[in-house]
Amino acid sequence: EAGQAALHGVWQAARDFFDLTADDKESIAGRMRKAEGNVGVIGWGTMPDDNEFLEMRVAAGGQVVPGGLDTHIPGFSAATNAARKELFALSRTVVGAAESYVGLQKGGLRNLLDDGSQLGEGQWSSTQHRLCLYHADTNVPFEAHTDTTFLTLIPCSAIAGLEVWTAQSGWVRPEQHAESAGAVIVMPGEFLQVLTGGMLPAAVHRVTRFASDLHAADHTAKGTSRLSGPLLVRGVKETVIDASSLLEQTPQQDYSADTLHLHQTLTRLQGVSLYDLHRVLVHPPPLDSL
């Protein structure tokens, strides 16, 4: 769970932003565009089905990018920063548990995560905070996919729209089982899958729309549309993978098949930057080039 006060604040900030006119949203956040020199996108955009997204980062000193949002929405940066910090702290706890589960050195993966504290002047975080407005007339507004992240943390919305694929039950809707307004869904991403040798597979998920599934605090709903506020936790893009700082020093004869595969995977990735790994995961090379 994350702090309910922090999440309440970001839901209100999201409602205030999406209530602005299209001209104001474009003026203060800019049209959605590639994050220059970074991964992913930044800014505000609408999809062909009219669903809306605001993609944010932090700059050095914790400044929210795109800037200028506080001019139209007083307290916007404070609200989104509070929620981001709560979610990021939860991500560190979960990644720490993942290290222990797969047998990696304590802190090895956590040291790769980008919380914005290592940024220089003019740099933005790779970790991305997204505010979403899904309109009620869209059946499956976000098709099945996995995220190119270590983790994606999704505060539960008042309207259950997230579905996660499981081998046992097919598509399940975890938001239906949230026990409080501070409940957060944590999904492993492609980076965690790769850097754990496949022991923690990336979650296949999609967004659907079920207007009758109101079960949590009303402040996460905007009319009959659905708000969402995921944090896409990525690594410091300049960081180079060092297998020796990740792997436990276990005698090889004691390796299980999973541990052997993990060691082989990380050894092959020695010296690869997280930025280059991200590019390969997003745009895999053709099979005939491998």
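Residues numbered from 1 in each chain as written. Predicted model: local features only at pLDDT ≥ 70, side-chain atom pairs only at ≥ 80, totals over all residues. Heavy atoms only, no water.

### Considerations on the overall build of the chain
For the chain, the helix and strand inventory stands at 8 helices and 14 strands. In the chain, which comprises 290 residues, the proportion classed as buried is 49%. Restricting to contacts in the chain with at least 6 residues of sequence separation, those with at least 24 account for 74%. With the model as given, the accessible surface of the chain reaches about 13200 Å², and the carbon-plus-sulfur share is 51%. (Helix = DSSP H or I, 4+ residues; strand = E, 2+ residues; numbered from the N terminus. Buried < 20%, exposed > 50% of the residue type's maximum accessible area, 1.4 Å probe, protein only. Contact = heavy atoms within 4.5 Å. Areas by Shrake-Rupley, 256 points an atom, 1.4 Å probe, with all protein chains shown as cover.)

### Considerations on helix α8 (residues 274-282)
The set of residues buried in α8 consists of L274, L277 and H278. Seen along its axis, α8 keeps its buried residues to an arc of 105 degrees; they face one direction. Tucked into the core, α8 has its buried residues touching α5 (190-195). (Arc of directions from axis to C-beta.)

### What about the packing of aromatic side chains?
Given two aromatic rings, one states the distance between the centres and the angle between the planes to describe the pair. Across all of its chains, the model carries 4 aromatic pairs by this definition. Note on F53 and Y134: the rings are 5.7 Å apart at their centroids and 85 degrees apart in plane angle, and the pair reads as edge-to-face. Taken together, the residues span a long stretch of sequence, with F53 in strand β3 (residues 52-58) and Y134 in strand β5 (residues 128-134) at a distance of 81 residues. For Y134, a relative accessible area of 3% translates into the label buried. (Phe/Tyr/Trp six-rings, centres within 6.5 Å; stacked < 30°, edge-to-face > 60°.)

### Comments concerning the nonpolar core
Counting 50 residues, the largest nonpolar core has F17, F76, L109 and L195 as its most contacted members. Looking at which element gives the most residues to this core, the answer is helix α4 (residues 76-102), with 9 residues. (Core = buried A, V, L, I, M, F, W, Y, C linked by side-chain atoms within 4.5 Å.)

### Here we look at the environment of T80
Structurally, T80 is set in helix α4. In this view, T80 contacts V10, M56, V64 and H129; residues no more than four positions away in its chain are not counted.

### Structural notes on the sheet that holds strand β11 (residues 205-207)
Strand order in the open sheet formed by 4 strands is β6-β11-β8-β9, with antiparallel pairing between adjacent strands. Both edges of this open sheet fall to β6 (142-145) and β9 (170-172), since each of them pairs with a single strand only. With strand direction ignored, the average angle separating the axes of adjacent strands in the sheet is 20 degrees. Of the strand pairs in this sheet, β6 and β11 are connected by 2 bridges, and their pairing is antiparallel. Bridge pairing links H145 to H205 in β11. (Pairing = 2+ DSSP bridges. Axes fitted to C-alpha atoms, helices over the stretch in contact; angles between N-to-C directions.)

### Considering unusual backbone geometry
With the exception of glycine, most residues fall at negative phi, and the peptide bonds are largely trans. Note the cis peptide between V65 and P66, where omega equals 5 degrees. Turning to its location among the elements, P66 is positioned in the loop between β4 (64-65) and α3 (69-72). Within the chain, D50 stands out as a residue other than glycine whose phi angle is a positive 75 degrees. Mapped onto the secondary structure, D50 falls in the loop between β2 (41-46) and β3.

### Comments concerning the side chain of S225
Mapped onto the elements, S225 comes out in strand β13 (residues 225-228). A polar contact is formed between the side chain of S225 and the side chain of H135, at a distance of 3.5 Å. (Polar contact = N/O pair within 3.5 Å; in protein donor to acceptor, adjacent residues only side chain to side chain.)

### A short note on the environment of A158
The residue A158 is located in the loop between β7 (151-155) and β8 (162-166) in this model. On the basis of relative accessibility, which here comes to 0%, the residue A158 falls in the buried class. Counting along the chain gives 68 residues from A158 to R226, while the straight-line C-alpha distance between them is 7.6 Å.

### Description of helix α1 (residues 4-18)
Taking 1.5 Å per residue as the helical rise, α1 with its 15 residues ought to reach 21 Å, and the 21 Å between its terminal C-alpha atoms agrees with that figure. The set of residues buried in α1 consists of A6, L7, V10, W11, A13, A14, F17 and F18. In a view along the axis of α1, the buried residues occupy a sector of 160 degrees, so they form one face of it. (Expected span 1.5 Å × (residues − 1).)

### As for the side chain of S273
With respect to the helices and strands, the residue S273 is situated in the loop between α7 (257-268) and α8. Polar contacts involving the side chain of S273 include one to the main-chain amide nitrogen of D276, which spans 3.0 Å. Each residue touching S273, except ones within four places of it in the same chain, is listed here: K237, T239 and V240.

Scope: geometric values only; no functional claims are made or implied.
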